[in-house]
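Chains, contacts and geometry: an overview
Chain by chain, the residues run as shown.
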Amino acid sequence: MSLVSITIMLESHFINRILGLVKLGTLSFLLLAIIFFTLNAFFPLPVEKLHPPSSTIVLDRNGQVLRVYLAPDDMWRIPVGYDEISPLLKQAVLTFEDRYFYWHFGINPISILRAAWANLRAGHIVQGGSTITMQVARLMEPKPRTLKNKLIEAFRALQLEWKFSKEQILEFYFNLAPYGGNLVGIGAAAQFYFNKRSDQLSLGEAALLTVIPNAPNRYRPDLNVKMAHRARRKVLERLFRQKKITERDQEEALSEPIPAERFPAPFRAPHFADELKQRYPQLTKIHTTIDLNIQTLVENLLHQHLKPWRARGITNGAVVVIENKTRAVRALVGSLDFFDETSQGQVNGAMSPRSPGSALKPFVYALGLEQGLVSPQSLLYDVPVEYSGYRPVNYDNKYHGAVSMEEALIRSLNVPAVNLASQLAGGGVYTFLKEAGLSTLKQRPEYYGLTLVLGGCEVTLLELTNLYAGLAEGGRFRSYRWLEDQSNEAGKSLLSSGTCYIITEILSKLRRPELPSSWELTVDVPKISWKTGTSYGHRDAWSIGYTPEYTIGVWVGNFDGRGVPALVGAEAAAPLLFEIFEALLKPATTRWFIQPESVGVRQVCAVSGMPLSKYCPAAKSELYLPGISPAQRCTLHRMILVDEATGFRLCPVCRSGRKYRQRIVTVWPAKLASWMIEHGIPVDQIPRHYPRCPKIAAGQTPVILSPLANSEYRIRPDVPLDYQKLPLKAAVSNQIKKLYWFLNGRLIFTGNPHQIFFLTPAQGKYKLICMDEEGRSSEVQFVIR
Ligand SMILES: [Zn+2]
Ligand SMILES: [Zn+2]
């Protein structure tokens, strides 16, 4: 045989050997694969055990933890994603636990052999040889450490590697690892040991958290600082030896303190967090719109503000801050102290329905403007009036005659607001509030009637604040948002931007309690539109304000509904409102609302507030809505002709041939004139029409025919009152179309001269005035016994 053939023979022999090995390898690999997939089919991976029940975590808009709730099994678990885990920690764990993690397939035969050798030499178990994947398998299904269980773990590890990526497996490890006590997973460990997120850890912290899962109860720092120290040093030394960190890194990390106790569970915005946990039970991570900085600021200011009031019987308060542009709730404080049981601190005052007092009035005037019933200087009557048995009175129990709409809103008068509300079309305030989203108006409109505008209903601070945000947004009404990913709805446009601008300007003129009366001159105070409310019986004090950026609502009161005289919106709630605004707004950058093109400026009569006529003595200017606001010229100031010789009034018919002069008179509407006369306010006396004028026959002043003047009526006890009614009758000249009847100064009936009003008798002394539309009147007195 030649050398060549021998070589070929040897080579072919060698190749055959190799081929044989390959065949064997392939066969055994196939066999193993068949075994694996058969087992895999019979014992599928219990994937649900990789996701044990989580704590519910409520976060602020920047991911800061507001609150964490225990998981249903009383463990703290804050799941984190792979990217939310500090790279330092990942590196430390891989270096310390499983250097070949990215190379093996779930089992590392070399480290198993090495561990077996080490254990054999030591005579007991000193090394596990487990890969991270096998540890995940064990954490998923904890079992005693036996050889059989080890084999199961190895099989599970193969399954994990087959099903998941390396990064997913590492993420499972970090979320399942025990960190001592009831802390499970790196999220909870970072939170409770360091009050940090798991992506914010330092090297020293990462080193400590690397080693704790090896023996959680031995190494947990809050119980065993010395052991924790030693274990951390071991990790850092290994990292240095493997050249993952420098010596200096190691020194610095070693000098970091070890936490001696766990941080308490975060407890920020407790009412808000409770509410959201209850509303969204399916969410374990609730990303809210709260801004923890604003929340904390508001909580502190509420504390400071209420301190002096507690002695006066006011124990609680609530605050809501809404960002107008996004309608995001940026702060919600439900009570002064969540843990104060004597004051029912767990009640969420921001979401409890309570009477708003006058806080809804701006919407009455807004609708009045929108419907063209009034403009800011329109005169409104503030005189006694009755609506089928309901007689509104003012807060100070006084009437003020006639006031401008602007003044009525600023002074929060009740009677003009009720009068205007009674004239509103389209369902009035009730329908508006319903459409704007108030969920607390549960009854039918008749239930509330006109008292609705004076607070005869219930609202929550959150919804009321959001309602005002609609004014700040130029009439767009939509719901608030409290989840970061909640979509921003388009909402409904219920008021024009012009109307909102005018109301906003009026509300910015309210005198602020904390500033001197000339505060308008102090430039660095941000302008704010605001309104207060005080509920019946001094149970609730409200103050709601807005700027282009924020709308803030403050409620102050007692949760037991106890009334306290000091509970007045302007005093108990408003100062806090301004403190919060001043802390939130930087005057230098604060802008104000831009006047819409639909708003104009015009000159109106200084007395009547109606567009100027040529007889008006003085003018003032007002904002108005061209094409919508009342356009009738002043009817108060009229020019009359007075006969030089007799002093009688002349008309175009009787003036010819007589010497006369012009005189401007103020003709008040009858309702108002009688109230003014009664209160000693001088009213222009309008001279009687020239009696010999051919145009009128006789008696142009109304003559009361019934009841009879100076007579006495007796009520007969044997006859029903309905049969004893007194008719009111008067004779008037035929031009007169309307008569006003006043009984003891109160308007009781308005009608044409042919309508007869029947008065139900009641004992008393009476003065009855009948006035015609030109202000001429006569009166009778009578007695009913
Ligand atoms: Zn006038
Ligand atoms: Zn005449």
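Being a predicted model, the structure only gives us computed values, none of them experimental. (Residues numbered from 1 in each chain as written. Chains lettered and ligands numbered in written order. Predicted model: local features only at pLDDT ≥ 70, side-chain atom pairs only at ≥ 80, totals over all residues. Heavy atoms only, no water.)

**Structural notes on the environment of Leu450**
Its place among the elements puts Leu450 in the loop between helix H18 (445–448) and helix H19 (461–472). Taking relative accessible area as the criterion, Leu450 reaches 22% and is therefore assigned partly exposed. Considered as a pair, Leu450 and Ala490 are 40 residues apart in the sequence and their alpha carbons are 31 Å apart. (Helix = DSSP H or I, 4+ residues; strand = E, 2+ residues; numbered from the N terminus. Buried < 20%, exposed > 50% of the residue type's maximum accessible area, 1.4 Å probe, protein only.)

**Observations regarding the packing of helix H4 (residues 132–140) against helix H6 (residues 166–176)**
One way to put it is that H4 packs onto H6 with a least axis distance of 9 Å and a crossing angle of 45°. The angle between H4 and H6 falls in the class oblique. Where H4 crosses over H6, the handedness of that crossing is left-handed. Residues Ile132, Thr133, Gln135, Val136, Leu139 and Met140 of H4 form the contact with H6, whose participating residues are Ile169, Leu170, Phe172, Tyr173 and Leu176. Within the contact of H4 with H6, the residues separate by chemical class into nine nonpolar, two polar and no charged. (Axes fitted to C-alpha atoms, helices over the stretch in contact; angles between N-to-C directions. Parallel < 35°, antiparallel > 145°, perpendicular 65-115°, else oblique. Left-handed = near helix turned anticlockwise from the far one by under 90°. Contact = heavy atoms within 4.5 Å. Nonpolar A, V, L, I, M, F, W, Y, C, P; charged D, E, K, R; others polar.)

**Describing the nonpolar core**
Nonpolar side chains in soluble globular proteins tend to be buried together. Core analysis: the biggest nonpolar cluster contains 112 residues, and Val319, Trp482 and Ile552 have the highest contact counts within it. Among the elements that take part in this core, helix H21 (residues 569–584) stands out by supplying nine residues, more than any other. In this view, Val319 contacts Val298, Leu302, Ala331, Leu332, Val333, Leu461, Ile552, Gly553, Val554, Leu576 and Ile580; residues no more than four positions away in its chain are not counted. Counting 59 residues, the second largest nonpolar core, distinct from the first, contains Met227, Ala231, Ala253 and Leu254. (Core = buried A, V, L, I, M, F, W, Y, C linked by side-chain atoms within 4.5 Å.)

**Looking at the coordination of the zinc ion (ligand 1)**
Ideal geometry at a metal centre gives angles of 109.5 degrees when four donors are arranged tetrahedrally and 90 or 180 degrees when six donors are arranged octahedrally. Protein-derived coordination of the zinc ion (ligand 1) comes from Cys605 (SG), Cys616 (SG), Cys634 (SG) and His637 (ND1), at a distance range of 2.0 to 2.3 Å. Considering all four donor atoms around the zinc ion (ligand 1), the spread of angles at the metal, 102 to 119°, places the coordination shape in the tetrahedral class. Positions of the donor residues of the zinc ion (ligand 1), expressed as sequence spacing, correspond to C-x10-C-x17-C-x2-H. Linking Cys605 in strand S15 (residues 600–605) with Cys634 in the loop between strand S16 (619–624) and strand S17 (637–643), this pair joins segments that are 29 residues apart in sequence. Exposure remark for Cys634: the relative accessible area of 7% places this residue in the buried category. (Donors = N, O, S within 2.8 Å, 3.2 Å for Na, K, Ca; no water. Tetrahedral: all angles 85-135°; square planar, octahedral: opposite > 155°, others 65-115°.)

**Re helix H10 (residues 225–241)**
Between its terminal C-alpha atoms H10 stretches 24 Å, which fits the 24 Å expected from 17 residues at 1.5 Å a residue. Inspection of H10 places Met227, Ala228, Ala231, Arg232, Val235, Leu236 and Leu239 among the buried residues, and these make up the whole buried set. For H10, the angular spread of buried residues about the axis comes to 165°, placing them on one side. Turned more than 90 degrees away from the buried face of H10, the exposed residues are Lys226, Arg230 and Arg241. Where the residues of H10 are buried, they touch helix H2 (87–97), helix H8 (203–211), helix H9 (216–219) and helix H11 (247–255). Within two residues after H10, Lys243 carries a phi angle of roughly 60°, on the positive side. (Expected span 1.5 Å × (residues − 1). Arc of directions from axis to C-beta.)

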